[in-house]
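Structural description and commentary
Chain by chain, the residues:
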Amino acid sequence: MEKIYIFGHQKPDCDSITSAISLSYLKNRLGMHTVPARLGEINDETKFVLKYFNVPTPIFLSDVKLQLKDLDYHKGYYVNQNISIGETYQYMTEKGITGVPVVDDNKRFVGLVTAKTIFKDLINGDFGFLHTSYDNLLKTLEGEEVLRFDSEIIGNILAAAYRSTTIINNVRLRNNHILIVGDRHSVIEYAIMSKVKLLIVVGMGEIKPEHLKLAKENQINIIRTRFDTFYTTKVIGLANYLKNVIPNDRPYTFDESTYYDDFVVKTSKLKHNNYPIIGRNDVCKGLIRITEISDKKRKKVILVDHNELEQSVDGLDEAQIIEIVYHHKILNISNKNPIKFRNISIV
């Protein structure tokens, strides 16, 4: 249920404060969610009355300007830095966005990745190096877990494209190699004896029982995939941690409390489309995109004891006035929508 602020004029006297408190109590009893507020410091008379009746002082309201938290931005749109590049791109595609904030395990903001960032890495990145998790590889390769001894995989990628004898005689395999191989049993045995970091067996190739036993003894990670060698080498880079491609330059971010007008002025100079929204302790709230700003949830207010702009809260023209309760002449308040106006004559 949306919150509604009820308040009097800028220089609150006793009837202004008590009217806000009383009307808020009534509205809440009728099922609304209202909060009594004040626009300035209360006087001694009001302090005495509130203390006498043991009623808390209404909250101070500095303005009701439109803020970023009032916009219908992409709340909860972010990804963890340890998921794969491929999974990130899939997430962006499903959500229909061209960029996404990246967070750590505590949801703290660490950077912004865009489709451009990913494409740049796919074209200019190090195709022979892999730094990711075993789980990321399973997802990317739609693989089958055969043996797992390490949760994290770091190494250089090789594909067994030569003849078996050529590989065994001329290619020196090391413990930091990730070897992509088919059901070439002599190469598999050579790789296991060389204690490579990971064996990726393509085409769901057979692994002999004696080789599995040897791999267990040497603690060799093994994944099997239905993909062929060409497709495996083509997509394996997408298994890399997303954090490996986060640009070093921190993008411009905004707090939820930022005023909408200030946001528009700032972004008109930056000329980007994707802006992360950051809260307290750098916790990411989501993503706001310039091209998708449409729905604005203006703050709802009820005015008591006044109906003059000059006497009211800053930013009232950006709020939605839903009711006015007053006992003097009607002045210069205007509103886009029809409202309830109760003008009470006191004789």
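So, here is what we can say about the structure in this document. (Residues numbered from 1 in each chain as written. Predicted model: local features only at pLDDT ≥ 70, side-chain atom pairs only at ≥ 80, totals over all residues. Heavy atoms only, no water.)

1. Observations concerning the packing of aromatic side chains
What counts here: The criterion for an aromatic pair is that two Phe, Tyr or Trp rings (for Trp, the six-membered ring) have centres within 6.5 Å, with stacked assigned to planes under 30 degrees apart, edge-to-face to planes over 60 apart and tilted to the rest. Throughout this description, buried means an accessible area under 20% of the type-specific maximum (1.4 Å probe, protein chains only), exposed means over 50%, and partly exposed covers the range between.
Applying the stated criterion across every chain, the model contains nine aromatic pairs. On the basis of an interplanar angle of 80 degrees and a centroid distance of 5.1 Å, the ring pair of Tyr52 and Phe53 is categorised as edge-to-face. Residue Phe53 is classed as exposed on the basis of its relative accessible area, which comes to 59%. Between Phe254 and Phe263 the ring centres are 4.8 Å apart and the planes differ by 75 degrees, which places this aromatic pair in the edge-to-face class. When its relative accessible area of 6% is taken as the criterion, Phe254 is described as buried. Classification of Phe263 as buried rests on a relative accessible area of 0%. Among the aromatic side chains, those forming a connected cluster through ring pairs are Tyr252, Phe254, Phe263 and Tyr275.

2. Side note on the pairing of strand β15 (residues 274-278)
Consecutive side chains along a regular strand alternate between the two faces of the sheet. The line we're drawing: Only DSSP runs of H or I covering at least 4 residues are called helices, and only runs of E covering at least 2 are called strands; the numbering of each starts at the N terminus. Between any two strands, pairing holds if DSSP finds at least two bridges.
Burial of β15 is extensive: five of the five residues sit out of reach of the surface. Alternating positions in β15 separate into two faces, Asn274, Pro276 and Ile278 on one and Tyr275 and Ile277 on the other, with burial throughout. As paired strands, strand β14 (residues 254-255) and β15 are joined by two bridges and run parallel to one another. In the sheet register, Phe254 faces β15, and the bridge partner there is Ile277.

3. Remarks on the environment of Asn221
As a reminder, the rule being used: Two residues form a contact once any of their heavy atoms are found within 4.5 Å. Throughout this description, a polar contact denotes any pair of N or O atoms lying within 3.5 Å of each other; where both atoms belong to protein, one of them has to be capable of donating a hydrogen while the other can accept it, and for residues adjacent in sequence the pair is counted only when both atoms sit in side chains.
Topologically, Asn221 is positioned in strand β13 (residues 221-224). Every residue in contact with Asn221, bar those within four places of it in the chain, is listed here: Tyr134, Leu147, Arg148, Phe149, Asp150, Ile153, Lys197, Leu198 and Leu199. Engagement of the side chain of Asn221 in a polar contact is seen with the backbone nitrogen of Phe149, the distance being 2.6 Å. Of the polar contacts made by the side chain of Asn221, one reaches the side chain of Asp150; its length is 2.8 Å.

4. Quick look at the environment of Leu242
Note that Leu242 resides in the loop between α9 (229-235) and β14. Considering only alpha carbons, one finds Leu242 and Gln81, 161 residues apart in sequence, at a separation of 5.3 Å. Here Leu242 is in contact with Val79, Asn80, Gln81, Ile83, Ser84, Ile85, Thr88, Val102 and Val113, once residues within four sequence places are set aside.

5. With respect to helix α10 (residues 260-270)
To keep it simple, the criterion reads: Along the arc lie the directions from the helix axis toward the C-beta atoms.
Those residues of α10 not exposed but buried are Tyr260, Phe263 and Thr267. Looking straight down α10, one finds its buried side chains confined to an arc of 50 degrees; they lie on one side. Packing partners of the buried residues in α10 comprise β14, β15 and β16 (284-289). Where α10 ends, the next residue or the one after it, Lys271, has phi of about 60 degrees, a positive value.

6. Some points on a negative patch on the surface
To be explicit about the condition: A patch is a set of surface residues, each over 30% in relative accessible area and not in a salt bridge, joined within 9 Å for like charges and within 5 Å for the nonpolar side chains Val, Leu, Ile, Met, Phe, Trp and Tyr. Reported accessibility uses the Shrake-Rupley method at a 1.4 Å probe radius. Residues are deemed covered only where the shown protein chains occlude them. Between Lys or Arg on one side and Asp or Glu on the other, a salt bridge is scored when a side-chain nitrogen of the former is within 4 Å of a carboxyl oxygen of the latter. As used throughout, the charge tally considers Lys and Arg to be positive and Asp and Glu to be negative, leaving His and the chain termini uncounted. Note on charges: their place is set at NZ of Lys, CZ of Arg, CG of Asp or CD of Glu.
Taken together, the side chains of Asp183, Glu189, Glu206 and Glu210 define an acidic patch exposed on the protein surface. Its place among the elements puts Asp183 in the loop between β11 (177-181) and α7 (185-193).

7. Overview of the pairing of β11
The condition that has to hold: Look down the strands so they point away from you; if going from the first strand over the helix to the second traces a clockwise path, that crossover is right-handed.
The element β11 is extensively covered by neighbouring structure, given that five of its five residues are classed as buried. Burial along β11 is two-sided: His177, Leu179 and Val181 facing one way and Ile178 and Ile180 facing the other are all buried. Pairing geometry for β11 and strand β12 (residues 198-201), over four bridges, is parallel. Within β12, the position partnered with Val181 by the bridge is Val201. Crossover handedness for the path β11 to α7 to β12: right-handed.

8. Some details on the sheet that holds strand β4 (residues 74-75)
In space, the four strands of this open sheet follow the order β4-β16-β15-β14, with mixed pairing throughout. The sheet is open, and its two borders are formed by β4 and β14, each paired with just one other strand.

9. Considering the nonpolar core
To be explicit about the condition: We define the nonpolar core as a collection of buried residues of types Ala, Val, Leu, Ile, Met, Phe, Trp, Tyr and Cys that are connected through side-chain atoms lying within 4.5 Å of one another.
If you look at the biggest cluster of nonpolar residues, it comprises 19 residues, and the most contacted ones within it are Leu179, Val181, Ile192, Leu199 and Ile222. At the level of elements, β11, α7, β12 and α8 (209-218) are the ones that each hand at least two residues to this core. At five residues, the largest contribution of residues to this core is made by α7. With sequence-adjacent residues up to four places away left out, Ile192 is seen in contact with Leu199, His211, Leu214, Ala215, Asn218 and Ile220. Ranked by size, the runner-up nonpolar core spans 17 residues in total, among them Leu138, Leu141, Ile180 and Phe227.

10. Some thoughts on unusual backbone geometry
For Asn54, which is not a glycine, the phi torsion comes out positive at approximately 55 degrees. Counting through the fold element by element, Asn54 comes out in the loop between α2 (44-52) and β3 (59-60). Asn54 gets classed as exposed once you look at its relative accessible area, which sits at 70%. Residues other than glycine seldom take positive phi values, yet Asp282 does so here, at roughly 65 degrees.

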